[in-house]
Every structure is written in C-alpha cells, then in structure tokens.
Amino acid sequence: MVKLSENQVTPEHIFKQRRQLIMGLGAGSAMAFMPKISLAEQTEDNRKALTFNAQADNQLVLTPEDKVIGYNNFYEFGTDKGAPAQYAKNFKTDPWKLEIGGEVENQVVLDLDDLRNKFPLEERIYRFRCVEAWSMVIPWIGFELNKLLALVKPTSKGKYVVFHTLHDPEQMPGQKNYFFGGGIDYPYVEGLTIDEAMNSLTLMSVGLYGKTLAPQNGAPIRLVVPWKYGFKNIKSIVKITLQEERPLTTWHKLAPHEYGFYANVNPEVDHPRWSQASERVIGAGGLLSIKRQPTLMFNGYAEQVAHLYANLDLRKNY
Ligand SMILES: Nc1nc2c(c(=O)[nH]1)N[C@H]1C(S)=C(S)[C@@H](COP(=O)(O)O)O[C@H]1N2
Ligand SMILES: [Mo]
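All residue numbers here refer to positions counted from 1 along the written sequence of the relevant chain. Working convention: letters from A go to chains and numbers from 1 go to ligands, in the order in which they are written. Predicted model: local features are reported for residues with pLDDT of at least 70 only, side-chain atom pairs are reported and counted for 80 or more only, and whole-chain, interface and lining totals are derived from all residues. Excluded from the side-chain calculation are hydrogens and water; included are all heavy atoms of the structure.

A. Just the overall build of the chain, in detail. Broken down by element type, the chain carries 9 helices and 14 strands. When accessible area is computed with a 1.4 Å probe and restricted to protein chains, residues below 20% of their type maximum are described as buried, those above 50% as exposed, and intermediate ones as partly exposed. For the chain, with 318 residues in total, the buried portion stands at 52%. We call two residues contacting when some pair of their heavy atoms lies within 4.5 Å. Here the contacts in the chain between residues at least 6 apart in sequence split such that 69% fall between residues at least 24 apart. Total accessible area on the chain stands at roughly 15,600 Å², and carbon and sulfur atoms take up 53% of it. Strands are runs of DSSP state E lasting at least 2 residues, helices are runs of H or I lasting at least 4, and numbering of each runs from the N terminus. Each accessible area is a Shrake-Rupley estimate made with a 1.4 Å probe; only the visible protein chains count as cover when residues are assessed.

Written out as structure tokens, the structure is:
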C-alpha cells in the first residue's frame, strides 16, 4: 500500500484508500456485484455512517470533503458561502416527515426509518455545476427518485414533480429576515417534468462521503439532478407534489430572465450577466491556484438526458 506522510492523510485519502481496498476485495468476483460497505465511526459533526452500495471508481477527481460541507448555497441559512455551515449547525433533521401527494394513486407520508427501509442506498459520483460558474465532484449517497415515484404511482395528470423545502423561520434565520435570506419568498420550491424525475440519474440524496448529509448540504433529504444548475437541487425536502401545471419555481419567480425552469447546464447559453462556457473548479490545487475548465453540455450527461429536450429550443427554454 502507498505510504502517506501524516499531513497527507486527509479524509479524502482515507475515503479513497478504503474504496480501493473494498474494490480490491471485490476483484475476481462478479463485477456486477457491488460490495456493501459500512463505515463504523461517527464524526464529531454528528453525521452518521451509512451502509450503501459503493460506485466503482470513475475518472472524476473528488472535491475535498471540507469544501463540499463548507462552501454552500442554502439561503435559508444566509447568503454567504460559509453561512450555512455556521447557522445550520443545530438544524433539527430528526424526526422528519416527507409527504408525497397530489396526482398520485397512493399518497404517503414517510419518516426517516421508512425511507431507510424502503430504499437501499447507493453511491453516485456526480459533477455538480452551480449557475454561478463554479463546480465540484461529489460522492452522493441516495436512491433514484423513480423508486419513490413507483411507490406513489403518478396518475396521467402527474406531469410535473414539485419539491418544497421546510418552512421553519424559528430554525432558519433566512426565512425570518428578508435580507439575510436573500429576498427569497420562502419556502424554496423547485420542480421537474415527470420525464426528468423518472430519469435514472435523478437522485434523492441522504448522504455524501459515506455519511449522512450535513445540515448545510440539505439534511436529511435533498434532490440531486446532475445535468442541471445547482439551484434545481433543492434541499431539506418536506413535501413532493405531483401536478398537471408547471410550477412557479423559486429562482425563476425571483428573476425569470436569468433563471429558467429547465436550468440545464449549457455552455452555449450564457447567463445575462456572465458566461457559462467555463467553470471554476472548487478545491483543486493550492490556495493560489484557480483552476478553470470548460463546461460540458448537460454537465457531461448528454448521452443520458439530451433526448428529453430533442424538441425544445434550448435558447428559449433555458
Ligand atoms: N432549500 C434550498 N435549496 C437549495 C438552495 C437554497 O438556497 N435553498 N441553494 C441551491 C443552490 S444555488 C446550489 S448551488 C445548491 C448547493 O448545494 P451544496 O451546498 O450541497 O453544494 O443547493 C441548491 N438548493
Ligand atoms: Mo447554485
């Protein structure tokens, strides 16, 4: 095994070594079988170890965990990138209820145990691209949204899937103070077409880096749609509604000419105030290195999702 000096032993190194170890054990056995891994320790930040099916290594370089949990957008806890980690520290995420209703055959209310029991967890290493032109690579843990939809059975009128974040001004200072919360009309709402929601890339995430989500990342459950800009990835979800009409989503409502409903990552369609052709890679290199890379069409997931937009003018439907 490669020896690391003490100052090189970051959580990333440990995570990657463990991954390699586990993958190594799996070699020779059927590759279709992904080993279950369970990380025993519990960290001081109260994130709990999860049991999940690990994704085989891919070519993406993971963003350091401290950046993923320390550089956040979660306006309910302030608009600075460091504010959510600070102000969401004591955010209460257990007990939690997730309600799914509207145009479905089986309306359900699930708590965290129900979610754990019904949906086996898997790891997905995805590129993540914010509309503000920065990016990360994050090892999410969760389950496909289509599994949840299979449980509730959308009716033929269930054409859009709408997500709502918790509304709790006592816990969320950004919901109490208009300026602290960036002028958003809470609760935060996002939406997908039913076809986008059914796509196998679309994830309900409950963890990252082997552990439950930190509050600042949207604990206990949030959406991950890797081919769309970050703001579609709504956090701390309490309600999902299926409906016939397209919803008025938070950022689109705030500034419709800047943020569309689709918000697909597209290097050819600029934001009115900046280019979307490239992105700043968060956490890569040392303090002084600012690495940029070209942005990929649909954030690199065109093969899996371009067909969803075959009949749309992507300049108009941004
Ligand atoms: N409820 C809620 N969800 C949200 C946001 C928010 O302010 N409130 N910010 C969005 C934006 S703009 C981004 S880039 C991602 C950031 O996710 P991360 O902090 O886990 O990287 O969350 C999205 N989900
Ligand atoms: Mo974002």
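Having seen the model, we can carry on.
B. Inspection of the side chain of N199 at higher detail. Along the chain, N199 turns up in the loop between α7 (194–198) and β9 (203–208). We call two N or O atoms a polar contact when they sit within 3.5 Å, provided that within protein one can donate a hydrogen and the other can accept it, with sequence-adjacent residues counted only if both atoms are side-chain atoms. Polar side-chain contacts of N199 include one of 3.3 Å to the backbone oxygen of Q304. The contacts of N199, once residues within four sequence positions are left out, are N146, W227, Q304, V305, H307 and L308.

C. Structural detail: the sheet that holds strand β7 (residues 160–165). Paired strands, as defined in this entry, are two strands with at least two bridges between them according to DSSP. With mixed pairing, the 5 strands of this open sheet are ordered in space as β4-β3-β12-β7-β8. The two strands at the open ends of the sheet, each matched to only one other strand, are β4 (108–111) and β8 (189–193). Going from strand to strand, the sheet's axes swing by 15° on average, the running direction of each strand aside. Taken together, the 5 bridges between β7 and β8 define a ladder with antiparallel strand orientation. Across the sheet, residue Y160 finds its bridge partner in β8, namely T193. Helix-sheet contacts for helix α5 (residues 145–152) involve β3 (97–102), β4, β7, β8 and β12 (237–243), and the interaxial angle to β4 is about 135°. Lines fitted to the C-alpha atoms define the axes, with helices restricted to the stretch that makes contact. Angles between their N-to-C directions range from 0 to 180 degrees.

D. Main features of the site of ligand 1. If even one non-hydrogen atom of a residue comes within 4 Å of a molecule or strand, that residue is called near it. The full set close to ligand 1 counts 17 residues, and N72, Y75, E76, N233 and K235 are the nearest of them. Within the side chain of T165, one N or O atom sits 2.9 Å away from a nitrogen atom of ligand 1. Here an oxygen atom of ligand 1 and a side-chain polar atom of R222 are 3.0 Å apart. Here ligand 1, which alone exposes 540 Å², has 99% of that area covered by the protein. A cavity here means a set of points on a 1 Å grid, drawn over the protein atoms and nothing else, where a 1.4 Å probe fits but cannot get out; a pocket is an open set with protein on both sides within 12 Å along at least five of seven lines, and a residue lines either one if it has an atom within 4 Å of a point. Whether a molecule sits in a cavity or pocket is decided by its atoms, more than half of which must lie within 2 Å of the grid points. The cavity that encloses ligand 1 is the second largest pocket. Following the grouping adopted for this structure description, the nonpolar residues are Ala, Val, Leu, Ile, Met, Phe, Trp, Tyr, Cys and Pro, the charged ones are Asp, Glu, Lys and Arg, and the polar ones are all others, Gly among them. For the shell around ligand 1, the residue count by class is 8 nonpolar, 6 polar and 3 charged.

E. The arrangement of the environment of Q171 in detail. Topologically, Q171 is positioned in the loop between β7 and α6 (173–176). Between the alpha carbons of Q171 and A88 there is a distance of 8.2 Å; along the sequence they are 83 residues apart. Leave out the neighbours within four places in its chain, and Q171 touches F77, N90, F91, K92 and L166. Looking at Q171, its side chain comes within polar contact range of the main-chain nitrogen of K92, at 2.8 Å.

F. Structural detail: the pattern of salt bridges. We count a salt bridge whenever a side-chain nitrogen from Lys or Arg sits within 4 Å of a carboxyl oxygen from Asp or Glu. Following the criterion strictly, the structure yields 15 salt bridges and no others. Across the pair E65 and R47 runs a salt bridge, and its minimum N-O distance is 2.7 Å. Residue E65 is found in helix α2 (residues 65–68), and its partner R47 is found in the loop between β1 (36–38) and β2 (51–53); the two are separated by 18 residues along the sequence. Relative accessible area serves as the criterion here: at 1%, R47 is assigned to the buried category. Here D113 ties to R116 by a salt bridge, and the two come within 3.1 Å at their closest N and O atoms. Of the two residues, D113 and R116 are both situated in helix α4 (residues 112–118); the distance of 3 residues between them amounts to about one turn of the helix. Its relative accessible area of 44% is what places D113 among the partly exposed residues. One network of salt bridges, with partners in common, ties together E122, R124, E144 and K147.

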